[in-house]
Amino acid sequence: MMRVRFESLTLLAAVLLCLVSPRQARAAGAPPPSLQHELANLKVPPDWFAVTPVNWDTNKPWKDARLEIRRLLALDDAAVREGVKLTWLYARKNDIGDGHELPMYLFMSGNYAWAAQEYPPFLKRVRGKGATHGYRCYASCLAHFGEYARALQVLNEAMADLPPDPWRINSIAGLRDHYGDLYARMGDVAKARQHYAEAIRLFPTSNQPYGRHLLPRNVARVKTKLDLLEMQSLATTRLRDGSYTGKALGYSDTKDLEVTVAISAGKIADVSVKHEEKIDLNATRIVPRRIVEKQSVPVDGVTGATITSQAIVEGAFEALKQAGLK
């Protein structure tokens, strides 16, 4: 059950009051929330369900409902809450396909603790079917809460539960990429470099039947991560004033995400993003702000919008290289 282009791969509490955004991002540099605390206080369904209307006929089949939910998840917070509630209603009546979309939409909507609760039973139920994307999302949930050892264990389990050919190589490459991300977050640059290098080696060898045009771009994306590990500090770099634009592959397959960085007095003054991302969870606003605030390219992304977050970082990196960054 390989899912080629779903958002994979930094998490918030899922216990949300009706006036609290389910997509609020943790402040950069803040300590991770406690998964144990969030799970202990998790209420399902959450209180905001009572004040969240659903403008959809739930007698319609899931194949139609899932398209509506994806539309809602790309809108404002009220729509996101409606999408989550609609997903839960279909799950309650056991009309939700193989069930992977309940934890996935919880993850994508910012209900991370709730997603972390739903992923283990789902993965147990589908074990043997190569649910690589589910393992990666669950690992991302755990990593957001600082549960790195558990996240690595989940990736190890994914490695032991790979899909058969022709998706096996792509799954291994994606998992190596995810290992690299985790080790980079943990500060183990050597292991991050090792896993990124293996992902770069494997992606071009994938014999997947479709989506092969994306493989070179996957390689380029991981190579950028390697470059960022070795990047010269902005604190010791004199950037040339001006406006510079870099491009990167985001969640949209049809058009690159464009990142424009404005340099003033040798410092990053502004970062703007032109994109056609479907569900960015505000990453196109949050990540640029963090880059300016930290005067740094490697910044925390937005979990649930990992591909978009990484694309913004890649685009900013390409723009800054034009400004003199080495």
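Being a predicted model, the structure only gives us computed values, none of them experimental. (Residues numbered from 1 in each chain as written. Predicted model: local features only at pLDDT ≥ 70, side-chain atom pairs only at ≥ 80, totals over all residues. Heavy atoms only, no water.)

A tally of helices and strands in the protein yields 12 helices and three strands. Counting only carbon and sulfur atoms, one obtains 51% of the accessible surface of the protein, whose full area is about 14200 Å². (Helix = DSSP H or I, 4+ residues; strand = E, 2+ residues; numbered from the N terminus. Areas by Shrake-Rupley, 256 points an atom, 1.4 Å probe, with all protein chains shown as cover.)

Our focus in this paragraph is the packing of helix α6 (residues 132-144) against helix α7 (residues 148-159). One can describe the packing of α6 onto α7 by two numbers: an axis separation of 8 Å at closest approach and a directional angle of 175°. When the axis of α6 is compared with that of α7, the two are roughly antiparallel. Across the interface between the two elements, Tyr-135, Arg-136, Tyr-138, Ala-139, Leu-142 and Ala-143 of α6 pack against Tyr-148, Arg-150, Ala-151, Val-154, Leu-155, Glu-157 and Ala-158 of α7. For the contact of α6 with α7, a count of residues per class yields 10 nonpolar, no polar and three charged. (Axes fitted to C-alpha atoms, helices over the stretch in contact; angles between N-to-C directions. Parallel < 35°, antiparallel > 145°, perpendicular 65-115°, else oblique. Contact = heavy atoms within 4.5 Å. Nonpolar A, V, L, I, M, F, W, Y, C, P; charged D, E, K, R; others polar.)

Let us look at the sheet that holds strand β1 (residues 242-248). Reading across from one edge, β1-β2-β3 is the order of the three strands in this open sheet, with antiparallel pairing throughout. Single-partner strands in this sheet number two, and they are β1 and β3 (267-274). Shown here is a sheet whose adjacent strand axes are inclined to one another by a mean of 20°, direction ignored. Across seven bridges, the pairing between β1 and strand β2 (residues 257-264) is antiparallel. (Pairing = 2+ DSSP bridges.)

Further remarks concern the packing of helix α2 (residues 62-73) against helix α4 (residues 101-109). Running from N to C, α2 and α4 cross one another at 10°; their axes reach a closest spacing of 11 Å. Overall, the two elements α2 and α4 adopt an arrangement that is roughly parallel. Along the contact surface, α2 presents Trp-62, Arg-66, Ile-69, Arg-70 and Leu-73, while α4 presents Glu-101, Met-104, Tyr-105, Met-108 and Ser-109. Considered class by class, the residues forming the contact of α2 with α4 number six nonpolar, one polar and three charged.

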